[in-house]
Amino acid sequence: MRAPHPDDFTSRLRSPAVAARVGVWLGACFLICFATGLVSHWAQLPAPAIPFPTRPAWGYRVTQGLHVVTGCAAVPLMLVKLWAVYPRLFERVDLRAGRQALLVGLERASIGVLVAAAIFQLATGLANAAQWYPWSSFSFRTAHYALAWVAIGALVLHVAVKLPMIRAALGADVDDEALDRPGALRAGAVSRRALLRGTWAAAGIAVLATAGGTVPWLRQVSVLAVRTGEGPGGVPINKTAAAAGVLDTATDRGWALDVRVDGSVAARLTLADLRALPQHTVDLPIACVEGWSAQGRWSGVRVRDVVAAAGAAGGADVVVTSLQESGPFTRTVLPAAFVEDERTLLALDLAGEPLDLDHGFPVRVIAPNRPGVLQTKWVASLEVTT
Ligand SMILES: Nc1nc2c(c(=O)[nH]1)N[C@H]1C(S)=C(S)[C@@H](COP(=O)(O)O)O[C@H]1N2
Ligand SMILES: [Mo]
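In what follows, the accompanying structure is described. (Residues numbered from 1 in each chain as written. Chains lettered and ligands numbered in written order. Predicted model: local features only at pLDDT ≥ 70, side-chain atom pairs only at ≥ 80, totals over all residues. Heavy atoms only, no water.)

## Observations regarding the sheet that holds strand E6 (residues 331-334)
In spatial order, the strands read E2-E1-E10-E5-E6; together these five strands make up an open sheet with mixed pairing. Looking at which strands have only one partner, the edges of the open sheet turn out to be strand E2 (264-269) and E6. Looking at each pair of strands side by side, their axes are set apart by 20 degrees on average, direction ignored. Pairing of strand E5 (residues 318-322) with E6 involves four bridges; the strand directions are antiparallel. Across the sheet, residue Val 318 finds its bridge partner in E6, namely Leu 334. (Pairing = 2+ DSSP bridges. Helix = DSSP H or I, 4+ residues; strand = E, 2+ residues; numbered from the N terminus. Axes fitted to C-alpha atoms, helices over the stretch in contact; angles between N-to-C directions.)

## With respect to unusual backbone geometry
Leaving glycine aside, a negative phi is the common case for residues, and trans is the common case for peptide bonds. At the junction of Arg 55 and Pro 56, the peptide bond is cis and its omega measures out at -10 degrees in the coordinates. Residue position: Pro 56 is located in the loop between helix H1 (16-44) and helix H2 (59-85). In this chain, Phe 361 is followed by Pro 362 through a cis amide linkage whose omega measures 5 degrees. Structurally, Pro 362 can be placed in the loop between strand E8 (353-354) and strand E9 (364-366). Of note in this structure, Trp 378 is not a glycine but carries a positive phi near 50 degrees. Mapping Trp 378 onto the fold places it in the loop between E9 and strand E10 (379-384). For Trp 378, a relative accessible area of 1% corresponds to the buried category. (Buried < 20%, exposed > 50% of the residue type's maximum accessible area, 1.4 Å probe, protein only.)

What follows is the structure, encoded as C-alpha cells:
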C-alpha cells in the first residue's frame, strides 16, 4: 500500500479548463447565496442598527427563493469541481523548499477551510430546506451565518491566489492541453465539453427541482419543493396546531388578545372585539426561510390600530407572543416600521374564510417583506414598551 499520487489519476477530464469553468458558476452561486443570506440574517435580527425595510412586500420572497435555488444548484457544481481537482490533494509538499513550502501549505490549508465550510453550508442548508434538523448541539442560524463568512473569506482568498491560473484556463479552449499535467492525457469516452454540458444540465435540474417552491408555474416539475399551493387558502402549513401543542389554548372560547403597555395589560380583546375593529385585506406572501413561499389574501385588523386601541403611542417595537409554549419563534419582535405599516395585520381570515387552526387561529401576524418564521401564529399577546 502506498498513498496515491496525482499521476495515478489519468482522466483528462480533470483539467484546469474544466475546474475553472465549473468554478465560475459555483463562485457565482456562492456569491448570490452569501448576499441573499446576509439579507435573511438582517431580516431576522430583533433590533437591527439599520431597520429592515417593509418594501417591496415580495422582497424577502425573492431573496430567500434565490438563496435556496442557488444553494441547490451549487451542489452538483461543487461535486464536479471537487472531482476535477481531487488528485491535487495527494500532491507532496517538498518540506526542504522552506518559504515556498510554507506558502504551498498555507494555500492548501485555505482550500481545506473553503471545502469544509462549503460542504457544511450546503449540507446544513439542504437539511434545513428539507425541514430536517439532525443537529441539536448548535443553532442552525448561528452556525450557518458564521460559516458563511468563513466560506466567503476562503473563497475570495482562493480566487485571488488562483487568478493567473483561472484567467489562463478560461482564456484557452476547453480542449487546450497547455495547462494539463503531463500524465493526464488518456482520452476517455466522455469529452470535456460533454462533461460540462452534463454539469450544466445537473445544475439546471437542481434549479427546476426547487424553484417551484417560489415560482408557482414551476410547481409541477419541482419534485424537491414543498408543495406550495396545497393547504387551506392556497398556503401550505408549516407547523400544525397539534405539533405546536396549542390545540386546547387556540380553541379555548375564553381566548382574548392581551395588549400590554409598559408591563401592564392595557386591553383584552376577544375575537368579537377584533372583528368589530376596522377590517382590512392585503395580498401578502408567507416566505419561509426554507425556500418555499406562497401568496395569500389575508383579512383582519391593523396591528397599529390594535396598539392604538390599547392607548399606546405609535413608533415603538411590538413584542408578539404566541400561545405556543416552547420553540424559538414563540416570542418575536415586530420592529416599529412594520407596526406602522398599514399592511401589517393580525389576520383573522385567509382567502375569505376564518383562519384555519393550523394557519394560526384565532389570529396570526402577517407583515410585508418579512421572513416566514416571524409571521407568528396563534398570537396570545402584544407588548409595547413606550
Ligand atoms: N407560533 C408559531 N408561529 C409560527 C411558526 C411556529 O412554528 N410557531 N412557524 C413559522 C414559520 S417557520 C413559517 S414559514 C410560517 C408558516 O405559516 P403557515 O404554516 O401558515 O404557512 O409560520 C411561522 N409562524
Ligand atoms: Mo418557515
